[in-house]
Amino acid sequence: MKIHERYIDRCIQLAQNGRGRTFPNPMVGSVIVYNDRIIGEGWHRKAGEPHAEVNAVNAVKDKELLKKATIYVSLEPCSHYGKTPPCSNLIIDSGIKKVVIGTVDPFSEVAGKGIKKLFDAGCEVIVGVREEACRELNKRFFTFHTKKRPYIILKWAETRDGFLSPGNLDTTEREPVWISNRYSKQLVHKWRSEEQAIMVGTTTAVVDNPKLNTRLWHGNHPVRVVLDRQLRIPAESYIFDDSIKTLVFTEKDTSERDSENVIFEKLNFNAPLPKQVCEILYKYEIQSVIIEGGRQTLESFLDEGYWDEARVFTGNTEFGKGITAPSIAGTLISEEHIASDLLKIYKND
């Protein structure tokens, strides 16, 4: 079993190369082993492109070895026709007789069907090797398909004395007040490239006029999501520049305001918002969202329990007064210094 774990760990390592580019598909890695030697490996690089198993099989130079080899894959091979043919069919047709799988795929179109197809074809199938690590790899994908909502990451920066902002900003100002350092700022842009959406509230959009893109990191821009109950955000704001797909949640009639890249959705702001937001993001097949809003937005998700992870920077500065940072009740899973900043990451119990 230790040998199996080693090769599934390699699958996980390979899969991470596709982070931020495989949505709505999961990240998957695969290796093919003959005589305790890797003869082929691959990962799913981008949605619509060949899956990990296809790339691994194609990497094997001597295809005759496949009949004596074992294929390892971090997630159950698919069994249905989507943008690509079923990987379970490929494994069977290649003559591979032993398959080791990290975890079952929760997607209803697969969900054990790929494993059954392999069994029925006479393959020896081992399932559940490094299962927890494989599920953690695709926590966004699993959350989306099992909880019918996106994986939710809360993120904020607070001062050493516990404030989000000085609290005395004129809303006509266009320069945000930075608490975290430039290294933390770049890290946040890397995070943005790894998630499907980013969300802020009205005050953040008005005061900071954020672009909500990944200009400090190479990668895909997330879908911009903003709460704007009364449509107070100025039309000349960056979020309305049509450069990135943007969802605006409001209670106003916006039937004639949609454009190619800016879509308005109506919410009931007199009822709890997190559940409504999650339902709409699920409708748009958004598997993950990082929420960078102000205190009110962050606390609404904390209070309703609609969060999976919180990433909190503490900067090397003090305000003395202002808007206090939210308090969080979760399990601290990591802590590290980013130059002068302290980053703590929590998970929701």
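Sequence positions are assigned chain by chain, starting from 1 and proceeding in written order. Local features in a predicted model are, by the rule used here, given only for residues with pLDDT of at least 70; side-chain atom pairs are given and counted only at 80 or more, and totals for whole chains, interfaces and linings are based on all residues. For the side-chain quantities, the full set of heavy atoms in the structure was used; hydrogens and water were omitted.

In the nomenclature of an unreviewed UniProt entry, the protein chain is known as Riboflavin biosynthesis protein RibD of Salinimicrobium gaetbulicola.

1. Details of the overall build of the protein chain
Put simply, the test is: By the criteria applied, helices consist of DSSP H or I runs no shorter than four residues and strands consist of E runs no shorter than two, each listed in order from the N terminus. In this setup the radius of gyration rests on C-alpha atoms only. A globule is expected at 2.2 Å times the number of residues raised to 0.38. Any two residues whose heavy atoms approach within 4.5 Å are treated as being in contact. Each accessible area is a Shrake-Rupley result for a 1.4 Å probe, and residues are judged covered by the shown protein chains and nothing else. Only four residue types enter the tally: Lys and Arg on the positive side, Asp and Glu on the negative side, with His and both chain ends excluded. Here the site of a charge means atom NZ of a Lys, CZ of an Arg, CG of an Asp or CD of a Glu.
When helices and strands are counted, the protein chain shows 10 helices and 16 strands. Whereas a compact globule of 349 residues would reach a radius of gyration of roughly 20 Å, the protein chain reaches 23 Å, a difference of no more than 12%. Dimensions along the principal axes, computed over C-alpha positions, put the protein chain at roughly 70 × 45 × 30 Å. Within the protein chain, contacts between residues at least 6 apart in sequence are counted, and of these 69% link residues at least 24 apart. Accessible area for the protein chain stands at about 16700 Å²; split by element, carbon and sulfur atoms hold 46% of it. When the 48 basic and 48 acidic side-chain charges of the protein chain are each reduced to a single mean position, those positions are 4 Å apart.

2. A closer look at the pairing of strand S1 (residues 29-34)
Basically, it comes down to this: Only protein chains enter the area calculation, which uses a 1.4 Å probe; residues under 20% of their type maximum are buried, those over 50% are exposed, and those in between are partly exposed. Should DSSP find at least two bridges between two strands, the strands are taken to pair.
Extensive coverage of S1 is indicated by the burial of 6 of its 6 residues. Along S1, one buried face is formed by Gly-29, Val-31 and Val-33 and the opposite face, lined by Ser-30, Ile-32 and Tyr-34, is buried too. As defined by bridge partners, S1 adjoins strand S2 (residues 37-43) across 6 bridges and the pair is classed as antiparallel. Note on S2: the bridge partner recorded for Val-31 is Glu-41. Here S1 hands over to S2 after 2 residues, with Asn-35 in that stretch at a positive phi of 55°. Relative to strand S3 (residues 70-75), S1 is paired through 4 bridges, and the arrangement is antiparallel. Opposite Val-33, over in S3, you have Thr-70 as the bridge partner.

3. Overview of the sheet that holds strand S9 (residues 223-227)
Spelled out, the test is: Angles run from 0 to 180 degrees between N-to-C directions of axes, and those axes are lines fitted to C-alpha atoms, restricted for helices to the stretch in contact.
If you trace the 9 strands from one edge of the open sheet to the other, you get S11-S10-S9-S8-S12-S6-S13-S16-S15, paired in mixed fashion. The open sheet terminates on both sides in strands that have one partner only, identified here as strand S11 (262-266) and strand S15 (331-338). Strand-to-strand twist across the sheet, computed as the mean angle between neighbouring axes with direction ignored, equals 20°. Relative to S9, strand S8 (residues 197-200) runs parallel, the two sharing 4 bridges. Paired with Ala-197 across the bridge in S9 is Val-223.

4. Some details on the environment of Ile-280
Inspection of the secondary structure assignment puts Ile-280 in helix H9 (residues 273-283). Sequence spacing of Ile-280 and Glu-265 is 15 residues, and the spatial spacing of their C-alpha atoms is 8.2 Å. Residues in contact with Ile-280, not counting those within four places in the same chain, are Phe-249, Glu-265, Lys-266 and Leu-267.

5. Things to note about the sheet that holds S3
Two strands in a sheet stick together by hydrogen bonds in their backbones, pointing the same way (parallel) or opposite ways (antiparallel). One open sheet holds the 5 strands; their spatial order is S2-S1-S3-S4-S5, and the pairing between them is mixed. One side of each edge strand has no neighbouring strand; the edge strands of this open sheet are S2 and strand S5 (124-127). Sheet twist, expressed as the mean angle between neighbouring strand axes with direction ignored, is 15°. On the sheet, helix H1 (residues 2-15) packs against S1, S2, S3, strand S4 (98-103) and S5 and is oriented at approximately 140° with respect to S1.

6. A short note on the packing of aromatic side chains
What counts is decided by this rule: For Phe, Tyr and Trp, where Trp contributes only its six-membered ring, two rings pair if their centres lie within 6.5 Å, and the inter-plane angle classes them as stacked under 30 degrees, edge-to-face over 60, or tilted in between. The criterion for a charge sitting over a ring is simple: Lys NZ or Arg CZ within 6 Å of the ring centre, and within 35 degrees of the ring normal.
Counted under the stated rule, the structure contains 5 aromatic pairs. Residue placement shows Arg-6 over the ring face of Tyr-7; its charged tip is 4.8 Å from the ring centre. Lying over the aromatic face of Trp-191, Arg-311 brings its terminal NZ or CZ to 4.5 Å of the ring centre.

7. What to know about the pattern of salt bridges
Formally: Each salt bridge in this description consists of a side-chain nitrogen of Lys or Arg and a carboxyl oxygen of Asp or Glu lying within 4 Å of one another.
For the structure on display, the rule yields 20 salt bridges. Between Glu-64 and Lys-67 there is a salt bridge, and its shortest N-O distance comes to 3.6 Å. Taking the shortest distance from any N to any O, the salt bridge between Arg-149 and Asp-308 comes out at 2.8 Å. Linking Arg-149 in the loop between helix H6 (139-147) and strand S6 (151-158) with Asp-308 in the loop between helix H10 (295-304) and strand S13 (309-314), this pair joins segments that are 159 residues apart in sequence. On the basis of relative accessible area, Arg-149 is assigned to the buried category, the value being 10%. Residue class for Asp-308 comes out buried when judged on its relative accessible area of 11%.

8. Describing H6
One turn of the α-helix equals 3.6 residues, which is why residues spaced by three or four share an orientation. Across the 9 residues that make up H6, a large majority, 7, are buried. Lys-139, Arg-140, Phe-141, Phe-142, Thr-143, Phe-144 and His-145 are the residues of H6 that are buried. Looking one or two residues past H6, Lys-148 carries a phi angle of roughly 60°, positive in sign.

9. A closer look at unusual backbone geometry
Following Phe-23, the chain continues into Pro-24 via a peptide bond in cis, with omega recorded as 5°. Secondary-structure assignment places Pro-24 in the loop between H1 and S1. Although it is not a glycine, Lys-148 adopts a positive phi angle of roughly 60°. Among the structural elements, Lys-148 can be located in the loop between H6 and S6. Phi at Asp-242 takes a positive value of approximately 70°, unusual for a residue other than glycine. Inspection of the secondary structure puts Asp-242 in the loop between S9 and strand S10 (246-250). Assessed through its relative accessible area of 34%, Asp-242 is described here as partly exposed.

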